[in-house]
Amino acid sequence: MKILVVDDEADVQPLFLQRFRKEIREHELEFDFALSGEEALVYLQEKHSEVVLILSDINMPGMSGIDLLSRIRHDYNAPPPPIVMMITAYGDDENHRQAIENGANDFLTKPLDFSLLKEKLKTLLA
Amino acid sequence: MYIIYFLAAFLLTLRLKKILSNTPMYYKWKNQLNYAWGIWVIYAIAQSTLGGIAISIVGCLVLLGLLQYLNREPDFEPFKFYIDAHYPLVAVGLLDALTELIAPDFHDKWNSYFGFATLAAFAWIYTRWLNSKKQREELQIATQRNTELDRLVTERTAELTKQKNELQETVKLLQATQAQLIQQEKLASLGELTAGIAHEIQNPLNFVNNFSEVSMELIDEMEEELNKGDTKEAIAIATDIKQNLEKIIHHGKRADGIVKGMLQHSRSGGDVKEPTDINKLADEYLRLAYHGLRAKDKLFNAELVTHFTENLPEVNIISQDVGRVLLNLFNNAFYATQHKKANAGADYKPTIELSTTLDGKNIRITVKDNGMGIPDAIRDKIMQPFFTTKPTGEGTGLGLSLSYDIIVKGHGGNIEIESKEGEFTEFIISLPLAK
């Protein structure tokens, strides 16, 4: 299962790679990364059919995660639509409402609870 | 006819008494002037003992004596005009008497002329009296007016002094209030910072925690590999762990820097100028301002564009003061774009541009936003204390005025504003390198 992680913090990449070390080694999961919403859209232009899950930060300079989400739902929603989970440091109701309203499947708060995320991914894989 | 000299002398004293009656000199001269009745005693004695010519001579001498006496007294100096008017009468009287004595025939022949001259001299006194009376009346009116003016001036002076004192009190009160407001403004900007700082610290801390946890897992895995005898894989894991520890150090230092920056901002009274990297300072405060605003308005987003000129020389500044100015300019810029976003279409992309340039002997920091701009009508006012376009309670109106003080008075720099209503606003701070 291919997962795209969108976050402006570059160190998120080694973190995910190490956190999901086992899953990657066993080819259960595959990760790609984008540092901004714009970059994510460029990536999706080519690989939208491969990506099953998109994990995106909401709070990024430039295009926000919410903007990215609505673009994804607008441009790449051909069945099967990608699962989009939004991540934010500000876990408030307004952000949550907006995310769900724009078609997010789930809403996670920073700091990311990786064991919880793993559980969620397991149910998706099953 | 002989009586006329005595009458003139008596009237003179009577009139002087009347003139003096309204002045403080009256009490000094009252008694002396009352002796004027003595003139009639002399007249009565002369009348009963002497003949016509002798009476005239006595009358003239009495009058002459009185005139000489009055003219020697400085108190009567103001009435000299009137007193001197009596000399013609004395002269005519003496001439009349002497002529009658020496040449009685001649005198008899011209008697009517002498009588006429005497009357004319007497009338002359009266004319002069009327004149001097008029003058005195005018003088009196002028004096009264002066007194009135003096009274008014005193009154006004008292009023003004009272107003001045009241204003001084008000100024003191305002200065105290201003000091309080400045303190509040500092606290407000600290409050704005806190949210940004919290976010800024949270991110590195997340990394520190995550990389630590992951490293512990990796060590377990490494043990497993070593037990299996796969040293190659174990070494690969060790390399990863080392990288993670480097990340932990990196993010730990990042959080450390933010806390130090925060302490610097809140430290009061620190007015020491230190060589500062403007690019680093501006970047730091841009992030703080952005995250501070994000913490308040979760939906807000803006593109942050930075054009930093590399290798700028360090500038001697009080970094927390200049930081406060930058924070204020960023906040204003965000506010302007936020405001425009509320009314603009979906295509509007809030953008804040931060640039640094070296311009001769100055470093220029430019903060540009594509917000609502500043209307020409208020361009001149925005640096004034307490001027704000924000709704009541949202702005103190001190941000820019404090910024101006910090840059211009504190650092010998300059703040310029470029703006087009509805399109953009640009603040340009110049800081001299020499200072």
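Everything quoted here is computed from the prediction, not taken from an experiment.

About the thresholds
The residue count restarts for each chain, going from 1 along the sequence in the order it is written. Naming scheme: in the order in which they are written, chains are lettered from A and ligands are numbered from 1. Given that the model is predicted, a residue must reach a pLDDT of at least 70 before its local features are reported, and side-chain atom pairs must reach 80 or more before they are shown or counted; all residues, however, enter totals for whole chains, interfaces and linings. Comment: elements are numbered from the N terminus, with helices defined as DSSP H or I runs of at least four residues and strands as E runs of at least two. Every C-beta atom is placed from the backbone, and the number of other C-beta atoms within 10 Å of a residue's own sets its class: buried at 20 or more, exposed at 12 or fewer, partly exposed in between. Think of it this way: build a C-beta for each residue from its backbone, and any pair within 7 Å is a contact. Put simply, a nonpolar core is a cluster of buried Ala, Val, Leu, Ile, Met, Phe, Trp, Tyr and Cys residues tied together by C-beta atoms within 7 Å. Under the convention used throughout, the expected extent of a helix is 1.5 Å for every residue step, that is, one less than its residue count. Only strands that DSSP links by at least two bridges are regarded as paired with each other. With axes taken as lines fitted to C-alpha atoms, and helix axes fitted only over the stretch in contact, angles between N-to-C directions fall between 0 and 180 degrees. We call Asp, Glu, Lys and Arg charged. Ala, Val, Leu, Ile, Met, Phe, Trp, Tyr, Cys and Pro are nonpolar, and the rest, Gly among them, are polar. UniProt positions are given in the numbering used here, feature names are shortened, and annotations may be inferred rather than shown by experiment.

As a further point, take the overall build of chain B. Secondary structure summary: chain B contains 13 helices and seven strands in total. Taking all 435 residues of chain B together, 29% fall into the buried category. Taking as baseline every contact in chain B between residues at least 6 positions apart, the subset at least 24 positions apart corresponds to 73%.

Attention shifts here to the nonpolar core. Residue and element names in this part refer to chain B. Membership of the largest hydrophobic core comes to 35 residues, with the highest contact counts inside it found for Ala282, Tyr285, Ala289, Leu326 and Phe330. At the level of secondary structure, the elements contributing two or more residues to this core comprise helix H10 (278–296), strand E3 (315–317), helix H11 (319–343), strand E4 (351–359), strand E5 (362–369), helix H13 (399–411) and strand E7 (424–432). In this view, Phe330 contacts Tyr285, Leu286, Ala289, Ile352 and Val367; residues no more than four positions away in its chain are not counted.

All names here are of chain B. Under the 1.5 Å per step criterion, the end-to-end length of H13 is 17 Å for 13 residues, consistent within 8% with the ideal 18 Å. Taken together, the buried positions of H13 are Gly399, Leu400, Leu402, Ser403, Ile406, Ile407 and His411. Downstream of H13 by a residue or two, Gly412 has a phi angle that is positive, lying close to 65°.

A few words now on the sheet that holds strand E2 (residues 30–34) of chain A. All names here are of chain A. Across the sheet, which stays open at both edges, the five strands sit in the order E2-E1-E3-E4-E5 with parallel pairing between neighbours. Unpaired on one side and paired on the other, E2 and strand E5 (106–109) mark the two borders of the sheet. Looking at each pair of strands side by side, their axes are set apart by 20° on average, direction ignored. Of the strand pairs in this sheet, strand E1 (residues 2–6) and strand E3 (residues 51–57) are connected by five bridges, and their pairing is parallel. Paired with Val5 across the two strands is Leu55, which belongs to E3.

Let us look at the interface of chain B and chain A. Contacts between the two partners involve 20 residues from chain B, matched on the other side by 18 residues from chain A. Among the elements of the structure, helix H8 (111–228), helix H9 (231–266), H10 and strand E2 (303–308) of chain B are those that each provide at least two residues to the side of chain B that touches chain A. When residues in the side of chain B that touches chain A are grouped by element, the largest group, 10 residues, is from H8(B). A class-by-class count of the residues in the side of chain B that touches chain A yields seven nonpolar, eight polar and five charged.

This part is about the UniProt feature "modified residue: 4-aspartylphosphate" (unreviewed entry) in chain A. Residues and elements named next belong to chain A. The feature "modified residue: 4-aspartylphosphate" (unreviewed entry), as annotated in UniProt, sits at Asp57 in this numbering. Looking at the secondary structure, you find Asp57 in strand E3. Ignoring sequence-local partners within four residues, the contact set of Asp57 consists of Val6, Asp7, Asp8, Gly65, Ile87 and Thr88.

When glycine is set aside, most residues are seen to have a negative phi, and most peptide bonds are trans. Backbone torsion omega between A:Pro79 and A:Pro80 reads 0°, so that peptide bond is classified as cis. As for its placement among the helices and strands, A:Pro80 is situated in the loop between helix H4 (65–75) and strand E4 (83–88). Between A:Lys110 and the following residue, A:Pro111, the backbone shows a cis peptide bond with an omega angle of -5°. Position of A:Pro111 relative to the elements: it lies in the loop between E5 and helix H6 (114–125). For A:His27, which is not glycine, the phi dihedral falls at a positive 60°. Tracing the chain through its elements places A:His27 in the loop between helix H2 (21–25) and E2. The class for A:His27 is exposed, based on 8 C-beta atoms found within 10 Å. Phi is positive for B:Asn311, which is not a glycine, with a value near 55°.

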